[in-house]
Amino acid sequence: MQLRHLRYFVALSREKHFGRAAEVCNVTQSTLSAAIRQLETEMGAPLIERDKRFKGFTAEGKVLLDWATRVVAEREVLDQQIGLLRGELSGELALGVVPSALPTIGLLTTPFARRHPNVTLRILSRTSDDIQRMLDEFVIDVGITYLDSEPLHGVTTVPLYTERYILLTPERGPFRGRTTVTWREAAETPLCLLTPDMQNRRILNGVFASVGCAPRVHAETNSVLTLCSHIRTAGWSSVLPYNLLWLFGTPLGMLALPLTEPEPRFTMGMAVRRQNPIPPLVEAFTKSVKAIDLEAEMKPRNG
């Protein structure tokens, strides 16, 4: 059973499309299909539920996939360990990051990249549920996600910073001249928020519910960039993590007002799969992250 065939098989599970899986593996679709057929011959059973399109795996295919995923991951760890013995930390480090943490992710990845220029970083915007699944399935190496709102499992965590919230609102709107806004007041203004599949949104809904109200949501998006665009151009307001100000500052014509009554705090942190041995890239990234004081680095800048 050839390792590259297992890699093709794992890629197919992630892409769920023969053409895309072949592209990811830098082979033709016919080459990938032939490799899958070879695996089926060796296993003595069909592995794919075939139709004109990829439909999923058979029971035998699911068993093989679980094993193949671990084999491919272990081989990547081996390659990293051999490279480290040669003084060359290299390879790809994949990170899954919840959208609310993306504005400041560069504070973590840039110092690491400077120390290890031969490592390629792949950074994906994902929900917290996706991050847990992708860690379980060896799709990503590191997750940047909430640690205390919806507990994770099978991981080791490192707290990074405490998420606090502001209302970003038009300077000439109903809160002009104010220095703070209550959650109950914020619920009454037209809002643009992240979609309910995002843990950030579920957290906000919970805070609003705790004061007996529901937000007036006029637009929803799963993109922080789209959210900021609507705030800037449509005159709406939004409840945002304060770390967004580090990236953009307070936009011209807007106010960034701390939210009070209550003042909730949620921990954002790093999660890595609990495994032995620890992959050298993960170990190096963890060491780099622990040396950074994100609370100090993320002090908002004006602009």
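Structure: above.
Definitions and limits used
- Residues numbered from 1 in each chain as written.
- Predicted model: local features only at pLDDT ≥ 70, side-chain atom pairs only at ≥ 80, totals over all residues.
- Heavy atoms only, no water.
- Disulfide = S-S within 2.5 Å.
- Buried < 20%, exposed > 50% of the residue type's maximum accessible area, 1.4 Å probe, protein only.
- Helix = DSSP H or I, 4+ residues; strand = E, 2+ residues; numbered from the N terminus.
- Pairing = 2+ DSSP bridges.
- Right-handed = clockwise from strand over helix to strand, strands pointing away.
- Polar contact = N/O pair within 3.5 Å; in protein donor to acceptor, adjacent residues only side chain to side chain.
- Contact = heavy atoms within 4.5 Å.
- Phe/Tyr/Trp six-rings, centres within 6.5 Å; stacked < 30°, edge-to-face > 60°.
- Salt bridge = Lys/Arg side-chain N within 4 Å of Asp/Glu carboxyl O.
- Axes fitted to C-alpha atoms, helices over the stretch in contact; angles between N-to-C directions.

Colleague: Just checking my understanding: could you explain the state of the cysteines for this structure?
Modeller: Note on terminology: a disulfide is the covalent bond linking the sulfur atoms of two cysteines. Counted under the stated rule, the structure contains zero disulfides. Unpaired in this structure, Cys-213 has its nearest cysteine sulfur neighbour in Cys-192, at a distance of 18 Å.

Colleague: Before we go on, may I ask you to explain the pairing of strand β1 (residues 91–97) in this structure?
Modeller: The side chains of a regular strand alternate between the sheet's two faces. With respect to burial, β1 is a largely interior element, five of its seven residues being buried. Here β1 pairs with strand β2 (residues 119–125) via seven bridges, running parallel. Across the sheet, residue Leu-95 finds its bridge partner in β2, namely Ile-123. Running through helix α5 (residues 106–115), the crossover from β1 to the neighbouring parallel element β2 is right-handed.

Colleague: For this particular structure, what's the right way to read the side chain of Ser-237?
Modeller: Structurally, the position occupied by Ser-237 is in the loop between α9 (224–234) and β9 (238–241). A polar contact is formed between the side chain of Ser-237 and the side chain of Thr-169, at a distance of 2.7 Å. Look past the residues within four positions of Ser-237 in its chain and what remains in contact with it is Leu-167, Leu-168, Thr-169, Pro-170, Thr-189, Pro-190, Leu-191 and Cys-192.

Colleague: Would you take a moment to explain the packing of aromatic side chains for this structure?
Modeller: Aromatic ring pairs: the centre-centre distance and the angle between the two ring planes describe each pair. Applying the stated criterion across every chain, the model contains seven aromatic pairs. Ring plane angle 70° and centroid distance 5.3 Å describe the contact between Phe-54 and Phe-57, whose orientation is recorded as edge-to-face. Here Phe-54 falls in the buried class, since its relative accessible area comes to 16%. Accessibility expressed as a relative area gives 10% for Phe-57, which makes it buried. Judged by centre distance (5.2 Å) and plane angle (75°), the rings of Trp-183 and Phe-208 are edge-to-face. Of this pair, Trp-183 sits in helix α7 (residues 183–187) while Phe-208 sits in helix α8 (residues 199–210), and the two are 25 residues apart along the sequence. Relative accessible area serves as the criterion here: at 0%, Trp-183 is assigned to the buried category. Judged by its relative accessible area of 0%, Phe-208 is buried. Here a set of aromatic residues connected by ring pairs shows up, and it is made of Phe-9, Phe-18, Phe-54 and Phe-57.

Colleague: Would you take a moment to explain the pattern of salt bridges for this structure?
Modeller: Where side chains of opposite charge bring their charged atoms close, a pairing between them can arise. This model, assessed by the stated rule, comprises ten salt bridges. Where Arg-201 meets Glu-220, a salt bridge forms, and the shortest distance between an N and an O atom there is 2.9 Å. Of this pair, Arg-201 sits in helix α8 while Glu-220 sits in strand β8 (residues 217–221); the two residues are 19 residues apart in sequence, bridging distant segments of the chain. Ionic contacts of the salt-bridge type, sharing partners, join the residues Asp-130, Arg-133 and Glu-137 into one network.

Colleague: Which parts of the structure should I look at to understand the sheet that holds strand β6 (residues 181–182)?
Modeller: In any sheet, the strands associate via hydrogen bonds between backbone groups, in a parallel or an antiparallel arrangement. Strand order across the open sheet formed by four strands is β6-β10-β5-β9, with mixed pairing between neighbours. The open sheet is flanked by β6 and β9, the only strands paired with a single partner. Relative to strand β10 (residues 254–260), β6 is paired through two bridges, and the arrangement is parallel. Note on β10: the bridge partner recorded for Val-181 is Leu-259.

Colleague: Sorry, what's going on with the sheet that holds β1 here?
Modeller: Strand order in the open sheet formed by five strands is β2-β1-β3-β11-β4, and the pairing between neighbours is mixed. In the strand order of this sheet, the two ends are held by β2 and β4 (155–163), each with one partner. Averaged over all pairs of adjacent strands, the angle between strand axes in this sheet comes to 20°, irrespective of strand direction. Taken strand by strand, α8 contacts β3 (142–146), β4 and β11 (266–273), and its axis lies near 15° from that of β3. Along the sheet, helix α11 (residues 280–290) makes contact with β1, β2, β3, β4 and β11, crossing β1 at roughly 55°.

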